Amino acid sequence: GEGGLKAYNNNVNYAVYILRTSANTFYTGQTNNLGKRLQQHKSKTSRSAKYIRYFKSFKLVYSEIYSSRSAAMRREIELKKLSHTKKEALINDTN
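None of these values were measured; they are calculated from a predicted model.

Turning our attention to the pattern of salt bridges. Pairing of side chains with opposite charge becomes possible as their charged atoms draw close. Applying the stated criterion to the full structure yields four salt bridges. A salt bridge links Arg75 to Glu64, with the nearest nitrogen and oxygen atoms 2.8 Å apart. A residue pair is termed long-range when its members are at least 10 positions apart, and Arg75 in helix α4 (residues 69–81) and Glu64 in strand β3 (residues 58–66) qualify at eleven residues. For the pair Arg75 and Glu64, a shared accessibility class is recorded, and that class is buried. For the salt bridge of Arg75 with Glu78, the shortest nitrogen-to-oxygen distance reads 2.9 Å. Here Glu78 and Arg75 lie together in helix α4, a separation of three residues that amounts to about one turn. Judged by relative accessible area, which is 45%, Glu78 ranks as partly exposed. Put simply, Glu64, Arg75 and Glu78 are held in one network by salt bridges that share partners.

What follows is the structure in structure tokens.
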């Protein structure tokens, strides 16, 4: 059916991710190209998140993959609501 065709055309995955900064704070975001997004953060250009530019460095500590942007955005909102301690627990559970 139509659903299968849509799935076939949409081979883009959306990643929700958490970065740990050099100050041990977290940045949560979502993207359809994690590798490219991390490069943007590293380059500290206008395309990188303002928040990340304040820190010397950061490390990708967590990510989840979704097949739709809406699912990724919902999860990003959920993760952003978590306390630092809960994010820490989530990261530790998966590593």
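The antiparallel open sheet is built from three strands, whose spatial order is β2-β1-β3. The two strands at the open ends of the sheet, each matched to only one other strand, are β2 (26–31) and β3. Each adjacent strand pair in this sheet contributes to an overall mean axis angle of 20 degrees, direction not counted. Pairing between strand β1 (residues 14–21) and β3: eight bridges, direction antiparallel.

The next subject is the packing of aromatic side chains. A ring pair, where both rings are aromatic, is described by two values, the distance of the centres and the angle of the planes. For the coordinates displayed, the defined rule picks out one aromatic pair. A ring pair is formed by Tyr17 and Tyr27, whose centres lie 6.3 Å apart and whose planes are at 45 degrees; its orientation type is tilted. You can see Tyr17 sitting in strand β1 and its partner Tyr27 sitting in strand β2, a full ten residues away along the chain. Comparing Tyr17 with Tyr27 shows no difference in burial state: the two are buried.

Turning to the nonpolar core, a few remarks are in order. Tyr14, Val16, Ile18, Phe26, Val61, Tyr62, Ala72, Leu79, Leu90 and Ile91 form the largest nonpolar core, which has ten residues in total. Within the residue set of this core, elements represented by two or more residues are β1, β3, α4 and α5 (84–94). The greatest single-element share of this core, amounting to three residues, is contributed by β1. Those residues in contact with Leu79 that sit more than four places away from it in its chain are Val16, Ile18, Thr28, Tyr62, Lys87 and Leu90. Tyr17, Leu19, Leu38 and Ala49 belong to the second largest nonpolar core, which has nine residues in total.

For the rest of this paragraph, the subject is the confidence of the model for the chain. Averaged over the chain, the pLDDT score is 85; the fraction of residues at 70 or greater is 85%. Of all the helices and strands in the chain, helix α1 (residues 2–9) carries the lowest mean pLDDT, 45, while α4 carries the highest, 96. Between residues 1–9, whose pLDDT stays under 50, and residues either more than four places distant or in other chains, the model counts zero contacts.

What counts as what
One numbering rule holds for all chains: residues counted from 1, following each sequence as written. Per-residue local features are limited, in this predicted model, to residues with pLDDT of at least 70; the limit for side-chain atom pairs, both in listing and counting, is 80 or more; totals at the level of whole chains, interfaces and linings are taken over all residues. Computation of side-chain values covers all heavy atoms of the structure but excludes hydrogens and water. Salt bridges, as used here, are contacts in which a Lys or Arg side-chain nitrogen is within 4 Å of a carboxyl oxygen on Asp or Glu. Numbering goes from the N terminus for both helices and strands, where a helix is a DSSP run of H or I of at least four residues and a strand is a run of E of at least two. Only protein chains enter the accessibility calculation, which uses a 1.4 Å probe; a residue is then buried when its area is under 20% of its type maximum, exposed when over 50%, and partly exposed in between. In this scheme, strands are said to pair when DSSP sees at least two bridges between them. Helix axes use the C-alpha atoms of the stretch in contact, all axes being lines fitted to C-alpha atoms, and the angles between their N-to-C directions lie in the range 0 to 180 degrees. Classification of ring pairs rests on two measures: the distance between centres of Phe, Tyr or Trp rings, Trp counted by its six-membered ring, which must be within 6.5 Å, and the angle between planes, read as stacked under 30 degrees, edge-to-face over 60 and tilted in between. The criterion is simple. A nonpolar core is a set of buried Ala, Val, Leu, Ile, Met, Phe, Trp, Tyr and Cys residues joined through side-chain atoms within 4.5 Å. We call two residues in contact whenever any of their non-hydrogen atoms come within 4.5 Å of each other. A score from 0 to 100, pLDDT tells how confident the predictor is in each residue.

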